[in-house]
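# Summary of structural features
So the chains spell out like this:
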Amino acid sequence: MPSTGRGDAGSTWEGLRALGSELEREIAGEVHFDEWMRMLYSTDASIYRIMPLGVVFPKTEDDVAATVALCTRYGFPMLPRGSGTSLAGQTVGEAVVIDFSRYMDGVVRFEPESGSISVQPGIYLGSMNLEVAGSGLMFGPDPASAECATVGGVIGNNGTGAHSVLYGMAGDHLRSVRVILADGTRAVFEEVSWSEAHRRGGLPVPGTPGSTAGGPRAAPPPVDLHSSIYREIIRIALDHADAIQEAFPKTWRRVGGYALDAFQPDKPLNLSRLIAGSEGTLCTIVEAELGLVPMPSGTSLAVLSFDSMLSSLATVPALLAEAPSAVELMDSMLMGLCRRHPDYSRRLTFVEGEPEALLVVEVYGESEAERAAHLERLERTARDAAEGPFGVLYLHDQAEQANVWAVRKAGLGLLMSKRGDHKPIPFVEDTAVPPERLRDYIADVLRVLHDHETPAGFYAHASAGCLHIRPLINLKDPPEVAKMAAISEAVSELVLQYGGAMAGEHGDGLARSALNPRIYGNEVYGLFERVKDTFDPEGLMNPGKIVRAPAMTDSLRFGPDYRTAPVATFFDFTADGGFARAVEMCSGSGECRKIGTGTMCPSFMATKDEKNSTRGRANSLRAVLSGAVSSKGMGDERLHETLDLCLECKACKTECPSQVDMTRLKTEFLAHYYKVRGTPLRVRLFGNIDRLNRIGSVTAPLSNWLAASYPVRWLLDRVLGVDMRHSMPTFHRRTLEKQYARSGRGPRASDVPEPARGTVWLLPDTFTNYNDPGIGMAAVRLLRAAGYQVRLLPMPGGSSGRAMLSKGMIKQAREVARANLEVWAPLVAVGIPILGLEPSELLTLRDEYPVLVPGKAADAVAGAALILEEWLAGMEDELGPALQFRSPRDYDEAHLLVHGHCHLKALVGMEPLLTVLGWLPQTEVKEVDSGCCGMAGSFGFEKEHYDLSMAIGAQRLFPAIEGLNGRGTVVAPGTSCRQQIRDATGREPLHPVEVLAGRLIN
Ligand SMILES: Cc1cc2nc3c(=O)[nH]c(=O)nc-3n(C[C@H](O)[C@H](O)[C@H](O)COP(=O)(O)OP(=O)(O)OC[C@H]3O[C@@H](n4cnc5c(N)ncnc54)[C@H](O)[C@@H]3O)c2cc1C
Ligand code: SF4
Ligand code: SF4
């Protein structure tokens, strides 16, 4: 039975059940009290885990008011939540979670003239910025998590980011909030005069007859919660102004405690300032009015590289004197992990050598000349202040600057990509001290870490004295947990000594709230308790945060009791330390909850359901492996349901900073699941698609006629669940193998110039061979024109095994891989590459074979396997003169819209493909940031996935194609992407190789 810790009648299953039923009756939104959903909300980006009581997705303000009123009536705590990217455990608790990110995410009003916007709390900060970008405005504070953090959460934590020296904290831009108070009533907190505040609080207005200002107060008792809040806050702010002034940290970069320092008698009172940073402990925001700032006209960066971190920090005060817009630090641990990341390593173009620390200094300015002069001034000042020499790189190009910011913003996630049980965890990651004291403070922190023999990663906001310090701790080990507490204590002493704050932007949560009495002193901490009790007399709003907190070592996600069941895996997970460790790579950072950009995670983007995010899947796997939920282990249906909507797109392998590879984890899971439950017929059919293709090809055109006939499609739909709304692929009797054989004997053999430059193997994957042989022959023509002999790779395994893997048939795929490797390894040993056309098929050799059949043969084949365009791009100098392309004949040929295959984007990137298409003269090549097409092999064919599959494509890909109005050429290297585009838009996309071969000058 879950306990609220309150020990009253409300803390019973019956009470919860009754609450759940009443909520279901009362609200239009969703109510989930089941164990699985609660498990999904039991963690955030912090080190903590607590099962909530239930999860509610409100759709309207009335829903929120009803939820709060009902929870209060039943005596159950509640916890407002956005994306759950909090790092200190703010969004875990034994409470009814109210998740705003699903439905309450709209813009209510946007007034560009007054530079203000009113939004619902669940809107992402990044999405809100996109909405207003056309007006040249933006929200000033810029948390690195903006693409997935909600405005409610940014206010709740009073977040900010790299540009805080210019824009301050989120609360500084908060004009008003509409809230639901703890008793379910509504209120608006906005700027009012002190007189008005007194009136609202039922207090005599100062300076009016009857006022007793300065003497004993005899006001009428408050009539409601709203007025008692005004009444009490006025008293606290005025009566204790000196104590507050004295106790608060001597840095503006602070979010801990309640912001009592925001109220000054000579300035109007705005209670929304108190709500900023209150971590959902006072009331629930249902609408926020924010002030916006103009976007910068232009930016430039100087990247300063130092051999010593302390030397870099010594320059910060001098740099600040020259008014930069940002000064950010990155340390060598971060850069080292970045070098190992497939995506971010490509962006690390701005690092020269192996510096210990980088300072990224940004300036705003109208012209490049102005910015360059500003940066030079900054550099001169820094040289005078530095304790040693440093290197400088100026970056004016926007793309180069974007690389720097991408790496910096991924800092946290990159640090968390560290393998093993020692992780750079957040607990002292948010301290802030006055920047002029930062160098000495960090020197002392290094001493503390040295005394505890603990290395740490350092990065972030040097300009604000707020460095994210992440000591490497193994929370599964009791002495290490004690060490964490000891480091926290020691660092808090230093923070006090340096006049700093424990939380500079990430909040108190469970990690730091228990330190508040020490940081603020008893008097002011007592005031915090009064604030809490005034707003929340029953103590039901996100209890245990900011005041009356448990020990920071309670409720750890990976505590000393954490254990996982051993799993005998089908894949080789040695490099990860086993299957469970691979699952544990998910830190909960929530970047897989971003929408509208990149590919990770298509199922989340289309559903906004936590369960359908990479994080939701990793959390589910971890919960089952560690016994955090009652389950049937790897045969559990709910786990299957959670992983089922993963499209195996591999985007997380690259876009997740921790490189959580959900495709592989899902495949491994499916193998276990089917082992327990048997492999369904449809799974076996799709897994053996090469055999079906072979039969279809031999029996074509009869097979095509049958596959297109209504009765057969109806039968497939009803019996096998193959959705009849999709057309069936065409089978070709004249397969690539046959056409190639004829071409070798026929007149086209003369296409090969003598002597050939070399030989390449072409992978006749099942789709190219049976369904799209024309693409294969286009590749043969192109390669021969380039002067290469093309040989079709023999397929002793019958296929690459890709389709089997995507269906969890790992054992069968291993047999296929073994058979292939036996023949292929000697073929590539002489240095001949294997080129492929269908990305998922070719990249199986590269990404999966080494973990299916570990050993030299797999490594050799993986090393030789290249996407054809990738190989061409790598041979640009040699092939340039050989390959001549003609000009376009018409508009369609001159305008290419390219949609990349997910596996290609994840494992190779789009650069080679775009480079090669860029060889076509007078041709515009535009890549669409389309994410996943939604088809993902057989996923979209499966009846239960059809709607989601189409919804994914409809987000960005279909509108981009429809925007062409039937003109231009759609280019897509993936077989299933082409099928999806064909069925959804009626356009006939081409493979890039068809486009290239079609433009060859013979
Ligand atoms: C990779 C990464 C990078 C980060 N970088 C930064 C950074 O640069 N700067 C920064 O400031 N933070 C950063 N954070 C921390 C975190 O992302 C931010 O605090 C963010 O603003 C939280 O948004 P969220 O939607 O996830 O809120 P949540 O974590 O869901 O909630 C945050 C707090 O707000 C409260 N809350 C949410 N909605 C409401 C509501 N409607 N009413 C009342 N209270 C509410 C919650 O109860 C909670 O206490 C980072 C985190 C990660 C994982
Ligand atoms: S899957 Fe990756 S991006 Fe998503 S929460 Fe986990 S670590 Fe973060
Ligand atoms: S593989 Fe794709 S669909 Fe699956 S979790 Fe990763 S990003 Fe999401």
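Residues numbered from 1 in each chain as written. Chains lettered and ligands numbered in written order. Predicted model: local features only at pLDDT ≥ 70, side-chain atom pairs only at ≥ 80, totals over all residues. Heavy atoms only, no water.

### Digging into the overall build of the chain
Convention followed: Only DSSP runs of H or I with at least four residues qualify as helices, and only runs of E with at least two residues qualify as strands; both kinds are numbered from the N terminus onward. In this setup the radius of gyration rests on C-alpha atoms only. A globule is expected at 2.2 Å times the number of residues raised to 0.38. The buried label applies to any residue whose accessible area, calculated with a 1.4 Å probe on protein chains only, is under 20% of its type's maximum; exposed applies above 50%, and partly exposed to all values in between. The contact definition used throughout considers only heavy atoms, calling two residues in contact when any of these lie within 4.5 Å. Accessibility throughout is a Shrake-Rupley quantity obtained with a 1.4 Å probe, and a residue counts as covered only by protein chains that appear here. Note on charges: Lys and Arg go in the positive column, Asp and Glu in the negative column, and His and the chain ends are not counted at all. Here the site of a charge means atom NZ of a Lys, CZ of an Arg, CG of an Asp or CD of a Glu.
Looking only at helices and strands, the chain features 48 helices and 27 strands. Relative to the 2.2 N^0.38 estimate, which gives 30 Å for 1002 residues, the radius of gyration of the chain is 30 Å and therefore close to what a compact globule would have. Counting over 1002 residues, the chain shows a buried share of 62%. Taking all contacts inside the chain whose residues are at least 6 apart in sequence as the whole, residues at least 24 apart take part in 75%. With an accessible surface of roughly 35600 Å², the chain has 52% of that area assigned to carbon and sulfur atoms. Put simply, the chain has 101 plus and 122 minus side-chain charges, and the middle of one group is 7 Å from the middle of the other.

### Remarks on the sheet that holds strand β27 (residues 969-971)
Test applied: Being paired, for any two strands, means DSSP has found at least two bridges between them. For helices, the fitted line uses only the C-alpha atoms of the stretch in contact; every axis is such a line through C-alpha atoms, and the angle between N-to-C directions lies from 0 to 180 degrees.
Spatially, three strands are ordered β26-β25-β27 in an open sheet, and the strand pairing comes out parallel. A single partner strand is all that each edge strand has here, and the edge strands are β26 (924-927) and β27. Across the sheet, the mean angle from the axis of one strand to that of its neighbour is 25°, orientation sign disregarded. Relative to β26, strand β25 (residues 895-898) runs parallel, the two being bridged by four bridges. Among the inter-strand pairings, L896 is bridged to a residue of β26, identified as V925.

### As for the side chain of S949
Within the secondary structure, S949 sits in helix α45 (residues 946-955). Overall, the relative accessible area of 0% leaves S949 in the buried class. Once residues lying within four places of it in the same chain are set aside, the contact partners of S949 are C933, G934, M935, F939, G940 and Q980.

### Overview of the site of ligand 3
Our working rule: Any residue with a heavy atom lying within 4 Å of a molecule or strand is counted as near it. Here the nonpolar group is Ala, Val, Leu, Ile, Met, Phe, Trp, Tyr, Cys and Pro; Asp, Glu, Lys and Arg are the charged ones; every other residue, Gly included, is treated as polar.
Residues in close proximity to ligand 3 total 14 residues, the closest being C601, R617, C646, C649 and C652. For the shell around ligand 3, the elements supplying multiple residues, two or more each, are α24 (614-626), α26 (651-655) and α27 (662-677). Residues that form the shell around ligand 3 fall into these classes: nine nonpolar, two polar and three charged.

### Regarding the nonpolar core
Here is the rule: Side-chain atoms within 4.5 Å are what join buried Ala, Val, Leu, Ile, Met, Phe, Trp, Tyr and Cys residues into a set we call a nonpolar core.
One finds M128, F189, L359, Y441 and I442 to be the most contacted residues of the largest nonpolar core, which totals 140 residues. Take this core: its biggest share by element is eight residues, from helix α21 (residues 516-535). Among the nonpolar cores identified, the runner-up in size contains 122 residues, and L621, A813, Y849 and V908 belong to it.

### Things to note about the state of the cysteines
Applicable threshold: The criterion for a disulfide is a pair of cysteine sulfur atoms lying within 2.5 Å.
Scanning the entire structure with this criterion turns up zero disulfides. Cysteine C283 shares no disulfide, and the gap to the nearest cysteine sulfur, in C71, comes to 15 Å. With relative accessibility at 3%, the residue C283 sits in the buried group.

### Some points on the pairing of strand β20 (residues 466-473)
Taken across its eight residues, β20 has eight buried, putting it largely inside the fold. What you see with β20 is no split at all: C466, H468, R470 and L472 on one side and L467, I469, P471 and I473 on the other are buried throughout. By the bridge criterion, two bridges tie strand β18 (residues 423-424) to β20 in an arrangement that is antiparallel. Bridge pairing in β20 places K423 opposite I473. Here strand β19 (residues 456-461) runs beside β20; their pairing, made up of six bridges, is antiparallel. Along β20, the bridge assignment pairs G457 with R470.

### Focus on a nonpolar patch on the surface
To be explicit about the condition: Residues forming no salt bridge and having over 30% relative accessible area are the ones grouped into patches, like charges within 9 Å of each other and nonpolar side chains (Val, Leu, Ile, Met, Phe, Trp, Tyr) within 5 Å. Put simply, a salt bridge is a Lys or Arg side-chain nitrogen that is within 4 Å of an Asp or Glu carboxyl oxygen.
Nonpolar side chains collect at one region of the surface, where Y710, W714, L715 and V719 lie side by side and expose about 440 Å² of accessible area between them. Among the structural elements, V719 can be located in helix α31 (residues 710-720).

### Quick notes on the environment of L736
When you line up the elements, L736 lands in helix α32 (residues 736-745). With near-sequence residues (within four places) excluded, L736 lies in contact with P764, T768, N769, P773, G776, M777 and L792.

### Things to note about the packing of helix α36 (residues 810-829) against helix α39 (residues 856-864)
Relative orientation and spacing of two packed helices are given, respectively, by the angle between their axes and the distance between those axes. Operational definition: Any angle between 65 and 115 degrees counts as roughly perpendicular, while under 35 counts as roughly parallel, over 145 as roughly antiparallel, and the rest as oblique. Handedness of a crossing is defined here by the sense of rotation of the near helix relative to the far one, left-handed for an anticlockwise turn of less than a right angle and right-handed for a clockwise turn.
It is the contact of α36 with α39, at a shortest axis distance of 9 Å, that shows an interaxial angle of 60°. Taken together, α36 and α39 sit at an angle that is classed as oblique. At the point where α36 passes α39, the crossing takes the left-handed sense. Here L821, W824, A825 and V828 of α36 come into contact with α39, specifically with A857, A858, A860, V861 and A864.

### Examining α21
The test is simple: Under the convention used throughout, the expected extent of a helix is 1.5 Å for every residue step, that is, one less than its residue count. Fitting axes to the seven residues ending at a residue and to the seven starting there, one defines the bend at that residue as the angle between these axes.
A rise of 1.5 Å per residue sets the reference length of α21, with its 20 residues, at 28 Å; its end C-alpha atoms lie only 19 Å apart and thus fall more than 12% short of the reference. N522 marks the point of greatest bend in α21, at about 105°. Residues of α21 that are buried: N516, I519, Y520, V524, Y525, L527, F528, V531, K532, T534 and F535. Where the residues of α21 are buried, they touch β9 (186-189), α8 (225-239), α9 (241-247), α10 (272-275), α19 (478-497) and α20 (509-512).

### Points about the pattern of salt bridges
This model, assessed by the stated rule, comprises 67 salt bridges. We note a salt bridge from D536 to K532, for which the minimum N-O separation is 2.8 Å. Grouping residues by exposure puts D536 and K532 together as buried. Between K653 and D847 there is a salt bridge whose closest N-O contact spans 3.0 Å.

### As for the packing of aromatic side chains
Put simply, the rule is: Aromatic rings from Phe, Tyr and Trp, taking only the six-membered ring of Trp, are treated as a pair when their centres fall within 6.5 Å; an angle between ring planes under 30 degrees marks them as stacked, one over 60 as edge-to-face, and anything in between as tilted.
A complete count under the given rule lists 16 aromatic pairs for this structure. Geometrically, the ring pair formed by Y258 and F528 is edge-to-face, given 5.8 Å between the ring centres and 90° between the ring planes. A residue pair is termed long-range when its members are at least 10 positions apart, and Y258 in the loop between α9 and β11 (269-270) and F528 in helix α21 qualify at 270 residues. Of the two residues, Y258 and F528, neither departs from the other in class, the shared state being buried.

### Points about the packing of helix α18 (residues 438-451) against α19
Between α18 and α19, the least distance of the axes is 10 Å, while the angle of their chain directions is 160°. Comparing the axis directions of α18 and α19 gives the class roughly antiparallel. Seen from above, α18 lies across α19 with right-handed handedness. Across the interface between the two elements, Y441, D444, V445, V448 and L449 from α18 touch I487, A490, V491, L494, V495 and Q497 from α19. Residue classes in the contact of α18 with α19 are distributed as nine nonpolar, one polar and one charged.

### Some points on the environment of L879
Along the chain, L879 turns up in helix α41 (residues 876-879). A residue is classified by how much of its surface remains accessible, and L879, at 0% relative accessible area, is buried. C-alpha of L879 to C-alpha of L783: the two residues are 96 residues apart in sequence and 9.9 Å apart in space. Residue contacts for L879: discarding those within four places in its chain leaves A786, Y788, W871 and L872.

### A short note on the sheet that holds β20
Read from one edge to the other, the open sheet built from seven strands follows the order β17-β14-β16-β15-β19-β20-β18, with strand pairing classed as antiparallel. Only two strands of the sheet have a single partner each, and these edge strands are β17 (390-395) and β18. In terms of strand pairing, strand β14 (residues 299-306) meets β17 through six bridges, oriented antiparallel. Of the residues in β17, the one forming a bridge with F306 is F390. Lying over the sheet, helix α13 (residues 332-339) contacts β15 (326-331), β16 (357-364), β19 and β20, oriented at roughly 70° with respect to β15.

### Here we look at the confidence of the model for the chain
Close inspection of predicted coordinates is inappropriate in any region flagged by low pLDDT. Rule in force here: Per-residue confidence from the predictor is given as pLDDT, running between 0 and 100.
Residues at a pLDDT of 70 or more form 96% of the chain, whose mean pLDDT is 94. Taken together, the stretch residues 745-750 has pLDDT below 50 and engages in five contacts with residues farther than four places along the chain or on a different chain.

### Description of the side chain of K483
Looking at where K483 falls in the secondary structure, it is placed in helix α19. Beyond its immediate stretch of four places on either side in the chain, K483 contacts H452, E453, T454 and I473.

### What to know about the pairing of strand β5 (residues 107-111)
In this structure, β5 lies alongside strand β6 (residues 116-119), joined through four bridges in antiparallel fashion. Note that in β6 the partner of F110 across the bridge is I117. Two successive antiparallel strands, β5 and β6, enclose a turn made up of four residues, where G115 displays a positive phi of approximately 60°.

### A few points about unusual backbone geometry
M600 connects to C601 through a cis peptide bond whose omega is -10°. Inspection of the secondary structure assignment puts C601 in the loop between α22 (579-584) and α23 (602-607). A700 connects to P701 through a cis peptide bond whose omega is 10°. Its location among the elements puts P701 in the loop between α29 (689-699) and α30 (702-708). In this structure, A323 is a non-glycine residue whose phi angle is positive, near 55°. Tracing the sequence through the fold places A323 in the loop between α12 (316-321) and β15. One non-glycine residue, E453, adopts positive backbone phi at about 50°. Its place among the elements puts E453 in the loop between α18 and β19.

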